[in-house]
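# Structure assessment
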There are 2 protein chains.
Amino acid sequence: MTNALALSALADPTRREVFERLARGPLPVGELALGLPVSRPAVSQHLKILKAAGLVTDRPDGTRRVYQIDPRGLGQIRAWLDQVWDVALDAFRAEVERQAEQDQEQP
Amino acid sequence: MTNALALSALADPTRREVFERLARGPLPVGELALGLPVSRPAVSQHLKILKAAGLVTDRPDGTRRVYQIDPRGLGQIRAWLDQVWDVALDAFRAEVERQAEQDQEQP
DNA sequence: CTAGGGCGTTAGTCATGACTTACCGTAAGT
DNA sequence: ACTTACGGTAAGTCATGACTAACGCCCTAG
């Protein structure tokens, strides 16, 4: 259900960049914005979306706010991927069996 | 590189629906459009995007065009997910070691 | 060879969302 | 208490993309 949030969150290139940077270690917003081609408020907005998708968590650190990766979001996506994959595999097997039965009826 | 295409392709709800339907078995465009809340041309456009992302393949069948799931696209996403996950794990381990060293210097 | 079903494409419309600038709250440091 | 760094929020702009209607092409059936 929430996989929709996670997938659309990671669809944006800037958010993927933010996410990959956080994978290399926790960072405050300011440092995160340095080196990115967008302004700091833009980064804040992206972080808000990533947080809502369960992809990052934040904790206050004095006047800063440190963000880091949240494993739950990745889990959502992986679960959805696996489910689609299983359905596809089952459908493929069913098709093969159906074909085999047909071939047996008319040799 | 192409994981960008696959991720942004699956960000759209209608395309996810199309993709999940195809997981249940190959379908021509017309049947795919039936039961979807959008017009047939819209489905065609979505299929074009899914195909460019390596998520589906198509083959001509008389006057129809049958679409089915392409495993490559899912592989792209999974590979990217795994990579980000590995980076995060390494960073976490490095942080733990750094902490341990600091603790040893000042008991 | 003609008729018609099945799809892809184009043009145009409308909504969504990514971005910046300006502003305000909050938590330290002097 | 004053100031300054840090970050979230609001308002407004602009581009992207999802959709429909209309058109044209190919393939098969008769």
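Described below are features of the structure shown in this document.

About the cut-offs
Residues numbered from 1 in each chain as written. Chains lettered and ligands numbered in written order. Predicted model: local features only at pLDDT ≥ 70, side-chain atom pairs only at ≥ 80, totals over all residues. Heavy atoms only, no water. Contact = heavy atoms within 4.5 Å. Buried area = accessible area lost by both parts, 1.4 Å probe. Salt bridge = Lys/Arg side-chain N within 4 Å of Asp/Glu carboxyl O. Polar contact = N/O pair within 3.5 Å; in protein donor to acceptor, adjacent residues only side chain to side chain. Helix = DSSP H or I, 4+ residues; strand = E, 2+ residues; numbered from the N terminus. Nonpolar A, V, L, I, M, F, W, Y, C, P; charged D, E, K, R; others polar. Buried < 20%, exposed > 50% of the residue type's maximum accessible area, 1.4 Å probe, protein only.

## Focus: the interface of chain A and chain B
Of the residues lining the interface, 25 residues belong to chain A; the matching set on chain B comes to 25 residues. Taking both sides of the interface into account, the surface hidden between chain A and chain B amounts to around 2300 Å²; carbon and sulfur atoms contribute 74%. Its largest share of buried area at the contact with chain B, chain A owes to Arg78(A), Trp80(A) and Leu81(A), together 23% of the area lost on that side. Where Asp82(A) meets Arg78(B), a salt bridge forms, and the shortest distance between an N and an O atom there is 2.3 Å. Summed over the shared surface of chain A and chain B, the result is four residue pairs in polar contact (both at pLDDT 80 or more). For the side of chain A that touches chain B, the secondary structure elements donating two or more residues are helix H1 (3-9), helix H2 (13-23) and helix H5 (71-105) of chain A. With 12 residues, the top contributor of residues to the side of chain A that touches chain B is H5(A). A breakdown of the residues in the side of chain A that touches chain B according to their chemical character gives 17 nonpolar, three polar and five charged.

## Section: the environment of Leu32(A)
All names here are of chain A. In this structure, leucine 32 sits in helix H3 (residues 29-33). Judged by relative accessible area, leucine 32 falls into the buried class, the value being 0%. C-alpha separation for the pair leucine 32 and aspartate 82, spaced 50 residues apart in sequence, amounts to 32 Å. Excluding anything up to four places from it in sequence, leucine 32 contacts Val18, Arg21, Leu22, Leu27, Val43 and Leu47.

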